Amino acid sequence: MNHLIAPSLLSADFLNLEMDIEMVNASAADWFHLDVMDGMFVPNISFGFPVIEKIAKKARKPLDVHLMIVDPDRYIGRFKKAGSYFISVHYEACNHLHRTVHEIRNLGAKAGVVLNPHTPVHLLDDIIRDVDMILIMSVNPGFGGQKFIEHSIPKIEQLKALIKETKSPALIEVDGGVDLENAPRLLKAGADVLVAGNTIFSASDPAGIILQLKNI
Ligand code: DX5
Ligand code: ZN
């Protein structure tokens, strides 16, 4: 599979969000990555339904919604309704993960499970067959522009082996500190989807960076 690029709008210009959405629409990017933070699961608050509903009206690519919220079951229906294609929940935030991922799928969205940097891949053994994507956090979630954690690379390799062994359909997504230096190594390790915020939106030519990430 050719890899996918998902720019994270957390690093976009919120005063000119429409402009950045149109840039992504016209670019080589595949998805919009939307980071929802509740100030409880992570020490930051980002945006919620009204913003996502507006983004959905302008976005011409699927919305990849990353929920960094406590007890996400409460809001899954609303995130689906707001226009989500993928809904990813944190392993660490769900008491009944199997129920949660099936709820996401029953609503007609694709289900992703996210692992924080400290959460080992082997904890996915009993859920890997039920998910459409695993998101490996390569920074501690909560903020854009952080330094990439190198240990994410062996985790991706381990996850790739688990997916192969179990014949799971799950994609591997990587999020946090992705740049042009580590992207080739992430893809070599087995990543299918690269999220990038700061690398794209702090550049003078964001669409050019997206194209470079896509053409690796
Ligand atoms: C961090 C978010 C990321 C973030 C990535 O909690 O999940 O999606 O926006 O930003 P960069 O690429 O700048 O690390
Ligand atoms: Zn994210």
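These lines cover the structure that appears in this document, whether it is placed above or below.

Basis of the calculations
- Residues numbered from 1 in each chain as written.
- Chains lettered and ligands numbered in written order.
- Predicted model: local features only at pLDDT ≥ 70, side-chain atom pairs only at ≥ 80, totals over all residues.
- Heavy atoms only, no water.
- Donors = N, O, S within 2.8 Å, 3.2 Å for Na, K, Ca; no water.
- Tetrahedral: all angles 85-135°; square planar, octahedral: opposite > 155°, others 65-115°.
- Helix = DSSP H or I, 4+ residues; strand = E, 2+ residues; numbered from the N terminus.
- Buried < 20%, exposed > 50% of the residue type's maximum accessible area, 1.4 Å probe, protein only.
- Near = heavy atom within 4 Å.
- Polar contact = N/O pair within 3.5 Å; in protein donor to acceptor, adjacent residues only side chain to side chain.
- Nonpolar A, V, L, I, M, F, W, Y, C, P; charged D, E, K, R; others polar.
- Lys, Arg positive; Asp, Glu negative; His and termini not counted.
- Salt bridge = Lys/Arg side-chain N within 4 Å of Asp/Glu carboxyl O.
- Contact = heavy atoms within 4.5 Å.
- Pairing = 2+ DSSP bridges.
- Right-handed = clockwise from strand over helix to strand, strands pointing away.
- Axes fitted to C-alpha atoms, helices over the stretch in contact; angles between N-to-C directions.

Another point: the coordination of the zinc ion (ligand 2). At this site the zinc ion (ligand 2) is bound by His33 (NE2), Asp35 (OD), His66 (ND1) and Asp175 (OD), with donor distances of 2.0 to 2.3 Å. Bound by six donor atoms, the zinc ion (ligand 2) shows angles of 70 to 167° at the metal and therefore octahedral coordination geometry. Going along the chain, you hit the donors of the zinc ion (ligand 2) in the pattern H-x1-D-x30-H-x108-D. Residue His66 is found in strand β3 (residues 63–68), and its partner Asp175 is found in strand β7 (residues 171–175); the two are separated by 109 residues along the sequence. Each member of the pair, His66 as well as Asp175, is classed as buried.

What follows concerns the site of ligand 1. As a structural note, the neighbourhood of ligand 1 is formed by 20 residues, with Asp35, Gly142, Gly145, Asp175 and Gly197 the closest of them. A distance of 3.4 Å separates an oxygen atom of ligand 1 from a polar atom in the side chain of His33. Here an oxygen atom of ligand 1 sits 3.2 Å away from a polar atom, N or O, in the side chain of His66. Taken together, the elements giving at least two residues each to the shell around ligand 1 come down to β2 (32–37), β3 and β8 (193–196). If you tally residues by element for the shell around ligand 1, the top one is β2, at three residues. Class assignment for the residues of the shell around ligand 1 results in eight nonpolar, ten polar and two charged.

The subject of this paragraph is the side chain of Glu173. Looking at the element boundaries, Glu173 is found in strand β7. Despite being buried, Glu173 has no salt bridge partner; Lys214 is the closest side chain of opposite charge, sitting 12 Å away. Aside from chain neighbours lying at most four places away, what touches Glu173 is Ala6, Trp31, His33, Asp64, Met133, Ile134, Leu135, Ile136, Val193 and Val195.

Bringing the pattern of salt bridges into the picture now. Summed over the entire model, instances satisfying the criterion amount to seven salt bridges. Measuring nitrogen to oxygen at the nearest pair gives 3.1 Å for the salt bridge that ties Lys58 to Glu18. Of this pair, Lys58 sits in helix α2 (residues 49–58) while Glu18 sits in helix α1 (residues 17–26), and the two are 40 residues apart along the sequence. Among the residues examined, Lys58 registers a relative accessible area of 37% and is labelled partly exposed.

This paragraph deals with the pairing of β3. Counting buried residues in β3 gives six out of six residues, a clear majority hidden from the surface. By the alternation rule, side chains of β3 split into Leu63, Val65 and Leu67 and Asp64, His66 and Met68, which are all buried. Pairing of β2 with β3 involves six bridges; the strand directions are parallel. Residue His33 lies in a different strand from β3, and its bridge partner there is Asp64. As for the winding sense of the linkage, the β-α-β connection from β2 through α2 to β3 is right-handed. Pairing of β3 with strand β4 (residues 86–90) involves four bridges; the strand directions are parallel. Looking at the pairing, Leu67 lines up with Val89 of β4.

Our focus in this paragraph is the environment of Phe49. Among the structural elements, Phe49 can be located in helix α2. Under the relative-accessibility criterion, Phe49 is labelled buried at 13%. Ignoring sequence-local partners within four residues, the contact set of Phe49 consists of Tyr75, Arg78, Phe79 and Ala82.

Once that is clear, we can look at the sheet that holds β8. Read across the sheet, eight strands follow the order β1-β8-β7-β6-β5-β4-β3-β2 without closing on themselves; strand pairing throughout is parallel. In this open sheet, the two strands that pair with only one neighbour each are β1 (4–7) and β2. Strand-to-strand, the axes of this sheet are offset by a mean angle of 25°, without reference to chain direction. Pairing geometry for strand β6 (residues 133–137) and β7, over five bridges, is parallel. Looking at β7, one finds that Ile134 is bridged to Ile172.

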